Amino acid sequence: MTTRDLGYVALFAALIVALGIVPAIPLAGGVPITLQSLGVMLAGLILGPKRGALAAIVVIALVGLGLPVLAGGRGGLGVYAGPTAGFLFGWAPAAFVTGFLAMRLDRAETAAAARFAGLFGAGVAGSIALLYVCGIAWLAFVTKLGLSKAFFVSLPFVPGDLVKAAVAALVTIKVRDAFALDRK
Amino acid sequence: MIEGLGGEGQSWFHRLPAGVKLIGLAALATALFLVEHRGALAGAAGLALAALVSTGLGFERIRRALTGPLFVIAAVGAVDWIFLDGRTAATVALRLSALAFLAQAVVATTTTEALSEVFERALGPFDRLGLIDAARASLALTLALRFVPLIVEEATAIREAQAARGLSNHPIAVIVPLVVRTLVRAERIADAIDARGFPPQKNSNSSR
């Protein structure tokens, strides 16, 4: 772990927090999205599995320190034990798997459409499918809803997250054109 | 953005060591998940609220701190009521409320410095085993916090610049330059840290 790696991790953690503070950008169709989970996807897609997961872990630690770093000014140990904690702790494995898949699916020499498909797939598998497994399992346990009902309650958030995965894939392609950085 | 954090105060809760408060909170949180009796949970929630009030925070600050968590708890309770039954909803809502009150009491009476000190001490054993570098870990936390306001400022500046070019509210046009500038800034900071020889290396092969 070089000092540069430490810098990328720390500043991407800051970026994830900052994306929860900047007002949501209204997308076409007028659906406002908060951008924090987009930051987690980008951490995996751009930094790669290890550094992406570490950036997520830094944010999770800041939450535990009681700082209001989550979207809407939430933070504190209450979040750790709250009903949505699985969606917070899931960020670390989500960023890791997203980055891991991005390393294998995104090759610079392929066509832009293929790169987009690979990055979008990495985001959907890691930052949506895996994240929802963590989040729904904890939600089902805390609220006693049972897995199927907890899944049903979480469904309305999926379309917005699919849009974010598409945005993250496009942003990653453009960023990597401008800034050369190996994923690790 | 770091307001809402605890600190000054003379209550008995303020005087407890941060480590004791954190371990107590973790133990009570675990215990609460083992209790199913609604009366006991209601008692726990009442006691936790009393503890929160005893910190002398004042009604307005407590109300502001609890609005968000109580909204989530109400939503969870409503979902449980609709899909399951009123009893489960009450059990779950009481348990989560007790947790929210306790956590708020701890956070409101503990400074960030004290908390991060506890974190660093907790990381100590892992540091000695060579699994984690406590100095670097706390440097990452401090750096991240320090740069949040600067990145927010940069995002606002980029949005204004794009709006002036007629690209208002195009998410990709805002996020791409924001991410690139963040990466460039991270490199510069890393070089500045290296130039100052921080954090001190423990052995010669840990740096590269």
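Residues numbered from 1 in each chain as written. Chains lettered and ligands numbered in written order. Predicted model: local features only at pLDDT ≥ 70, side-chain atom pairs only at ≥ 80, totals over all residues. Heavy atoms only, no water.

### What to know about the overall build of chain A
Stated precisely, the cut-off is as follows: Under the scheme used here, helices are H or I runs from DSSP no shorter than 4 residues and strands are E runs no shorter than 2 residues, and both carry numbers assigned from the N terminus. Exposure categories follow from relative accessible area, calculated using a 1.4 Å probe and restricted to protein chains: below 20% of the type maximum is buried, above 50% is exposed, and the middle band is partly exposed. In what follows, residue pairs with any heavy atoms lying within 4.5 Å of each other are defined as contacts. Surface accessibility follows the Shrake-Rupley procedure with a 1.4 Å probe radius. Residue values consider only the protein chains on display as shielding.
When its secondary structure is counted, chain A shows nine helices and two strands. Out of the 184 residues belonging to chain A, those deemed buried represent 57%. Nonlocal contacts in chain A, meaning residues at least 24 apart in sequence, comprise 69% of its contacts between residues at least 6 apart. By element, 73% of the accessible surface of chain A is carried by carbon and sulfur atoms, the whole surface being about 6700 Å².

### Looking at the overall build of chain B
What chain B contains, in helices and strands, is eight helices and zero strands. Starting at the N terminus and walking to the C terminus, you meet the elements of chain B as α-α-α-α-α-α-α-α. In chain B, which comprises 208 residues, the proportion classed as buried is 40%. For chain B, contacts bridging at least 24 residues in sequence account for 69% of all contacts bridging at least 6. Accessible surface, chain B: about 11400 Å² in total, of which carbon and sulfur atoms supply 63%.

### Quick word on the packing of aromatic side chains
Our working definition: The pairing test for Phe, Tyr and Trp rings, Trp by its six-membered ring, is centres within 6.5 Å, and the orientation test on the planes gives stacked under 30 degrees, edge-to-face over 60, and tilted for anything in between. Any Lys NZ or Arg CZ that is within 6 Å of a ring centre and within 35 degrees of that ring's normal is treated as a charge sitting over the ring.
Overall, the coordinates contain six aromatic pairs over all chains when judged by the stated rule. With a centroid separation of 5.8 Å and an interplanar angle of 10°, the aromatic rings of A:Phe116 and A:Phe120 are classed as stacked. Of this pair, A:Phe116 and A:Phe120 both sit in helix 7 (residues 112-143), separated by four residues, roughly a single helical turn. Judged by relative accessible area, A:Phe120 falls into the partly exposed class, the value being 26%. When the ring of A:Phe152 is compared with that of B:Phe83, the centres are 6.1 Å apart and the planes differ by 85°; the resulting orientation is edge-to-face. With A:Phe152 in helix 8 (residues 147-154) and B:Phe83 in helix 4 (residues 59-83), this residue pair bridges two chains. Overall, A:Phe152 belongs to the exposed group, its relative accessible area being 52%. The positively charged end of A:Arg104 is found above the aromatic ring belonging to A:Phe100, 3.9 Å away from the centroid. The side chain of B:Arg146 reaches across the aromatic face of B:Phe147, ending 6.0 Å from its centre.

### As for the interface of chain B and chain A
The condition that has to hold: Two parts placed together each lose some accessible area; with a 1.4 Å probe, that loss summed over both constitutes the buried area. The term salt bridge refers to a pairing of a side-chain nitrogen on Lys or Arg with a carboxyl oxygen on Asp or Glu at a separation within 4 Å. Contacts described as polar in this section are N or O atom pairs within 3.5 Å, which, within protein, must combine one atom able to donate a hydrogen with one able to accept it, while residues neighboring in sequence count only if both atoms come from side chains. Asp, Glu, Lys and Arg are counted as charged, while Ala, Val, Leu, Ile, Met, Phe, Trp, Tyr, Cys and Pro are counted as nonpolar; the rest, among them Gly, fall into the polar class.
Contacts between the two partners involve 61 residues from chain B, matched on the other side by 57 residues from chain A. Each partner contributes to the roughly 5300 Å² buried at the junction of chain B and chain A, and carbon and sulfur atoms together form 82% of this total. Of all residues in chain B, the largest losses of buried area upon contact with chain A belong to B:Phe83, B:Ile175 and B:Leu183, amounting jointly to 11% of the total for that side. Viewed at the interface, chain A and chain B are joined by three salt bridges. Note that B:Asp191 is salt-bridged to A:Arg4, the shortest N-O span being 2.9 Å. For the pair chain B and chain A, the interface holds six residue pairs in polar contact (both at pLDDT 80 or more). Elements with a contribution of two residues or more to the side of chain B that touches chain A: helix 2 (18-34), helix 4, helix 5 (86-108), helix 6 (112-128), helix 7 (134-164) and helix 8 (171-195) of chain B. With 18 residues, helix 8 of chain B is the single largest residue contributor to the side of chain B that touches chain A. Residues of the side of chain B that touches chain A, tallied by class, amount to 42 nonpolar, eight polar and 11 charged.

### Regarding the confidence of the model for chain A
This is how it is decided: Per-residue confidence from the predictor is reported as pLDDT, which spans 0 to 100.
Averaged over chain A, the pLDDT score is 86; the fraction of residues at 70 or greater is 89%. The least confident element of chain A is strand 2 (residues 32-33) of chain A, whose mean pLDDT is 48; the most confident is helix 6 (residues 91-105) of chain A, at 96.

### So, the nonpolar core
What counts is decided by this rule: Side-chain atoms within 4.5 Å link the members of a nonpolar core, which is a set of buried Ala, Val, Leu, Ile, Met, Phe, Trp, Tyr and Cys residues. By convention here, the domain bounds are inherited from an automatic or database domain assignment.
Counting residues in hydrophobic clusters, the biggest one holds 101 residues, and the most contacted among them are A:Phe12, A:Leu42, A:Leu62, A:Trp91, A:Val171, B:Val179 and B:Leu183. Element by element, the count of residues in this core is highest for helix 1 (residues 3-21) of chain A, at 13 residues. Here this core spans two domains, and each of domain 1 (12-116) and domain 2 (133-206) of chain B adds at least three residues to it. Beyond its immediate stretch of four places on either side in the chain, A:Trp91 contacts A:Ile16, A:Gln36, A:Val40, A:Ala56, A:Val59, A:Ile60, A:Leu70 and A:Leu131. Judged by nonpolar contacts, the second largest core, of 14 residues, contains A:Ala81, B:Leu41, B:Ala45 and B:Val92.

### Here we look at a nonpolar patch on the surface
Worth spelling out the cut-off: Like charges within 9 Å and nonpolar side chains (Val, Leu, Ile, Met, Phe, Trp, Tyr) within 5 Å are joined into patches, using only residues over 30% in relative accessible area that form no salt bridge.
A cluster of nonpolar side chains, B:Phe126, B:Leu129, B:Leu131 and B:Ile132, forms an exposed patch at the surface whose accessible area comes to about 420 Å². Mapping B:Leu129 onto the fold places it in the loop between helix 6 and helix 7.

### Brief notes about helix 7 of chain A
Helical geometry: 3.6 residues make up each α-helical turn, so side chains three or four residues apart lie on a common side. All names here are of chain A. Definition in use: Take the number of residues in a helix, subtract one, and multiply by 1.5 Å to get its expected span. To get the bend at any residue, fit one axis to the seven residues that end at it and another to the seven that begin at it, then take the angle between the two axes.
A rise of 1.5 Å per residue sets the reference length of helix 7, with its 32 residues, at 46 Å; its end C-alpha atoms lie 44 Å apart and thus fit the reference within 8%. Of all the bends found along helix 7, the most pronounced is centred on Val124 and spans about 25°. In the segment just after helix 7, Lys144 is the residue with positive phi, at about 60°.

### Digging into unusual backbone geometry
Unusually for a residue other than glycine, A:Lys144 sits at a positive phi of about 60°. With respect to the helices and strands, the residue A:Lys144 is situated in the loop between helix 7 and helix 8.

### Some details on the side chain of A:Ser37
Residue and element names in this part refer to chain A. Looking at the secondary structure, you find Ser37 in helix 2 (residues 36-47). Classification of Ser37 by relative accessible area gives buried; the value is 16%. Looking at Ser37, its side chain comes within polar contact range of the side chain of Lys164, at 2.9 Å. If we ignore the near neighbours within four places in the chain, the residues touching Ser37 are Asp161 and Lys164.

### A look at the pattern of salt bridges
Residue and element names in this part refer to chain A. Using the criterion set out here, one finds 13 salt bridges over all chains in the structure. Residue Lys164 is joined to Asp161 by a salt bridge in which the shortest nitrogen-to-oxygen separation is 3.3 Å. With Lys164 and Asp161 both in helix 9 (residues 158-178), this residue pair falls three residues apart, about one helical turn. For the pair Lys164 and Asp161, a shared accessibility class is recorded, and that class is buried. Through salt bridges with shared partners, a single network forms among Asp106, Arg115, Arg176, Asp177 and Arg183.

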